[in-house]
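A closer look at the structure
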Amino acid sequence: MTMPHHALEIALTRPLTSAELRHAAHAWPLAANRDATRLMAVAGGKTPERAAHRLRLTPRLPIDVITTHYPDAHGHVLLNLAFPPATYTALKRDARRAGLTPERFVREALHRALAEHADREADRLDHAVRQLLAHATPAHLLSAVGHALTRPLEGPTP
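First things first, this report covers the structure right here in the doc. Not measured: the values here are computed from a predicted model.

If you tally the helices and strands in the protein chain, you get 5 helices and 5 strands. Taken from N to C terminus, the helices and strands of the protein chain fall in the order β-α-β-β-α-β-β-α-α-α. Relative to the globule expectation of 15 Å for 158 residues, the C-alpha radius of gyration of the protein chain, 21 Å, shows a markedly less compact shape. Expressed as lengths along the three principal axes of its C-alpha atoms, the size of the protein chain is roughly 60 × 45 × 35 Å. Taking all 158 residues of the protein chain together, 20% fall into the buried category. For the protein chain, the share of sequence-separated contacts (at least 6 apart) that also reach a separation of at least 24 residues comes to 54%.

With that settled, the discussion passes to the side chain of E9. Structurally, E9 can be placed in strand β1 (residues 5-12). Among the polar contacts made by the side chain of E9, one reaches the side chain of R38 at a distance of 2.2 Å. Dropping the residues within four chain positions of it, E9 is found in contact with R38, L39, M40, V65, I66, T67 and H69.

Between side chains of opposite charge, a pair can form when the charged atoms approach closely. Under the counting rule described, the total for this entry stands at 7 salt bridges. With a closest N to O distance of 2.7 Å, E108 and R104 form a salt bridge. Of the two residues, E108 and R104 both sit in helix α4 (residues 102-133), 4 residues apart, roughly one turn of that helix. Overall, the relative accessible area of 27% leaves E108 in the partly exposed class.

It is worth spelling out unusual backbone geometry at this point. Phi at A36 takes a positive value of approximately 55 degrees, unusual for a residue other than glycine. Take A36: it is sitting in the loop between β2 (30-32) and β3 (38-44). For A36, a relative accessible area of 10% gives the class buried.

Let us now look at the environment of L61. Residue placement: L61 occurs in the loop between α2 (48-56) and β4 (63-68). Note on L61: relative accessible area 8%, which makes it buried. L61 sits 59 residues away from R120 along the chain, and the two C-alpha atoms are 36 Å apart. If near-sequence neighbours (up to four positions away) are discounted, L61 is found in contact with I10, L16, A24 and L39.

This brings us to the sheet that holds β1. Judged by pairing direction, the sheet is antiparallel, and its 5 strands sit side by side in the order β2-β3-β1-β4-β5 without closing on themselves. With one partner strand each, in any of the chains shown, β2 and β5 (79-81) form the two edges of the open sheet. Averaged over all pairs of adjacent strands, the angle between strand axes in this sheet comes to 25 degrees, irrespective of strand direction. Bridge count for β4 against β5 is 3 bridges, and the pairing is antiparallel. Note on β5: the bridge partner recorded for I66 is N80. Here α2 sits on the sheet and contacts β1, β3, β4 and β5; the angle it forms with β4, its principal contact strand, is near 160 degrees.

The rules we used
- Residues numbered from 1 in each chain as written.
- Predicted model: local features only at pLDDT ≥ 70, side-chain atom pairs only at ≥ 80, totals over all residues.
- Heavy atoms only, no water.
- Helix = DSSP H or I, 4+ residues; strand = E, 2+ residues; numbered from the N terminus.
- Rg over C-alpha atoms; globule rule 2.2 N^0.38 Å.
- Buried < 20%, exposed > 50% of the residue type's maximum accessible area, 1.4 Å probe, protein only.
- Contact = heavy atoms within 4.5 Å.
- Polar contact = N/O pair within 3.5 Å; in protein donor to acceptor, adjacent residues only side chain to side chain.
- Salt bridge = Lys/Arg side-chain N within 4 Å of Asp/Glu carboxyl O.
- Pairing = 2+ DSSP bridges.
- Axes fitted to C-alpha atoms, helices over the stretch in contact; angles between N-to-C directions.

What follows is the structure, given as structure tokens:
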């Protein structure tokens, strides 16, 4: 029976040199972005968690974060973080005080942070639209938005 493989994205604490990338590519199939701070890897493991764990044990890479590249059936991605010992000790203490496992504590904190970010972004967009409506009719604004959405992007989005 063959072991399943999982596509994993790796964020590095620093860019890899060409030699480091070649050396690491001997152990894992890797693809790097332009500045070698993010890598894509295919790792074997019964689960994405096991594949990420195997990849984490590779001493050749200064790994900061590993995520699954594709969401699972529930739309979730695995987030594998490596904390410095002092940070992990504080995390365990705070999780214990909250009556949670460290993993659950981080998951809930991340969900709260993402929800707060989504709320701030919605408020920012609402404010921007109200500013635009102060100087344009709803029909003109809607037409301009439709026109902008049908043209290719001209640079990075905020």
